Amino acid sequence: MSEVLEIRLIMNSAMEEVLAFKTCCGLKMFDQNLEILIRNRGEASVTIPSRFLLEGEGWSKKVDTVMPPGERCLGPGEIMALYCEMEDTLWARARRLVLCDASGATHAVDIADQPRQESGSDQGRISLLPGDIDPGMHG
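On a predicted model such as this, the values are computed, not experimentally measured, just so you know. (Residues numbered from 1 in each chain as written. Predicted model: local features only at pLDDT ≥ 70, side-chain atom pairs only at ≥ 80, totals over all residues. Heavy atoms only, no water.)

## Focus: the environment of Arg 72
Part 1: Summarising the element assignment, Arg 72 is placed in strand E7 (residues 71–74).
Part 2: A residue is classified by how much of its surface remains accessible, and Arg 72, at 32% relative accessible area, is partly exposed.
Part 3: Remark: the alpha-carbon pair of Arg 72 and Val 46, spanning 26 residues in sequence, is separated by 8.3 Å.
Part 4: Not counting residues up to four positions away in its chain, the partners in contact with Arg 72 are Val 46, Thr 47, Ile 48 and Met 80. (Helix = DSSP H or I, 4+ residues; strand = E, 2+ residues; numbered from the N terminus. Buried < 20%, exposed > 50% of the residue type's maximum accessible area, 1.4 Å probe, protein only. Contact = heavy atoms within 4.5 Å.)

Next up, the structure:
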């Protein structure tokens, strides 16, 4: 597993409802039920494209319908989130999620090691610690 990127997967994330509400008058983002939280634990920036590989026993599937689209540069200590629609049946068969950064390095996480979250549950939600928020971000 990756030592540079910490990857946390939240299926049936509460963000699905937040994104649906925030986009009610504009762009529709239906069924964004998988949230992928990524923290850069390394000392250098890492560029992450909006796609990943889902692997199961004897199969793999490229997923490139990820929001936000494009590449994002993640600096040391920074956190970002990606969202996508994930079919429950496909998720249930998957064993690993693999991100490939712009340099070609792979960062994998075992799905079985991730906490399972039921819709509407507080389990699995991210908790920010002091130092996770840049004080300069507040105007």
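The rest of the description comes next.
## Thoughts on the sheet that holds strand E1 (residues 5–11)
Part 1: Across the sheet, 4 strands lie side by side as E1-E2-E8-E6; this open sheet has antiparallel pairing. Looking at the sheet topology across the chains shown, the edges are occupied by E1 and strand E6 (66–67).
Part 2: With 6 bridges joining them, strand E2 (residues 34–40) and strand E8 (residues 79–84) adopt antiparallel strand pairing. Of the residues in E8, the one forming a bridge with Glu 35 is Tyr 83. (Pairing = 2+ DSSP bridges.)

## Section: the nonpolar core
Part 1: Of all hydrophobic cores here, the largest spans 26 residues; its most connected members are Leu 34, Ile 36, Ile 38, Phe 52, Leu 54, Met 86 and Leu 97.
Part 2: Taken together, the elements giving at least two residues each to this core come down to E1, E2, strand E3 (46–49), strand E4 (52–56), strand E5 (59–63), E8, helix H2 (88–93) and strand E9 (94–100).
Part 3: Looking at this core, the element that brings in the most residues is E1, giving 4 residues.
Part 4: In this view, Ile 36 contacts Ile 7, Arg 8, Leu 9, Phe 52, Met 80, Ala 81, Leu 82 and Leu 97; residues no more than four positions away in its chain are not counted. (Core = buried A, V, L, I, M, F, W, Y, C linked by side-chain atoms within 4.5 Å.)

## A closer look at unusual backbone geometry
Part 1: Following Met 67, the chain continues to Pro 68 via a peptide bond in cis, the omega torsion being -10°.
Part 2: For Pro 68, the position within the fold is in the loop between E6 and E7.

## Concerning the confidence of the model for the protein
Part 1: On average, residues of the protein score 79 in pLDDT, and 68% of them are at 70 or above.
Part 2: Overall, residues 118–139 carries pLDDT values under 50, and its contacts beyond four positions in sequence, including any with other chains, amount to 18 contacts. (pLDDT = per-residue confidence, 0-100.)

## Quick notes on the packing of aromatic side chains
For any two aromatic rings, the description comes down to two numbers: the centre-to-centre distance and the angle of the planes.
Part 1: Counted by the stated rule, this structure contains 0 aromatic pairs.
Part 2: It is Arg 93 that lies over the ring of Trp 59; its NZ or CZ is 4.7 Å from the centre. (Phe/Tyr/Trp six-rings, centres within 6.5 Å; stacked < 30°, edge-to-face > 60°. Lys NZ or Arg CZ within 6 Å of the ring centre and 35° of its normal.)

## Quick notes on the side chain of Asp 101
Part 1: Examined against the element boundaries, Asp 101 turns out to sit in the loop between E9 and strand E10 (106–110).
Part 2: Buried and unpaired, Asp 101 has Arg 51 as its nearest opposite-charge partner, separated by 9.4 Å.
Part 3: Side-chain polar atoms of Asp 101 contact the side chain of His 107, separated by 2.8 Å.
Part 4: Not counting residues within four places of it along the chain, the set of residues in contact with Asp 101 comprises Val 46, Thr 47, Ile 48, Pro 49 and His 107. (Lys, Arg positive; Asp, Glu negative; His and termini not counted. Salt bridge = Lys/Arg side-chain N within 4 Å of Asp/Glu carboxyl O. Polar contact = N/O pair within 3.5 Å; in protein donor to acceptor, adjacent residues only side chain to side chain.)

## Focus on the pattern of salt bridges
Side chains that carry opposite charge are capable of pairing whenever their charged atoms lie near each other.
Part 1: In this structure the tally under the stated criterion is 3 salt bridges.
Part 2: Ionic pairing is found between Glu 6 and Arg 41, a salt bridge with its closest N-O pair at 2.5 Å. With Glu 6 in strand E1 and Arg 41 in the loop between E2 and E3, this residue pair connects regions lying 35 residues apart in the sequence.
Part 3: By relative accessible area, which is 34% here, Glu 6 ends up partly exposed.
Part 4: Residues Glu 55 and Arg 96 are paired through a salt bridge, measuring 2.9 Å at the closest nitrogen-oxygen approach. With Glu 55 in strand E4 and Arg 96 in strand E9, this residue pair connects regions lying 41 residues apart in the sequence.
Part 5: On the basis of relative accessibility, which here comes to 27%, the residue Arg 96 falls in the partly exposed class.

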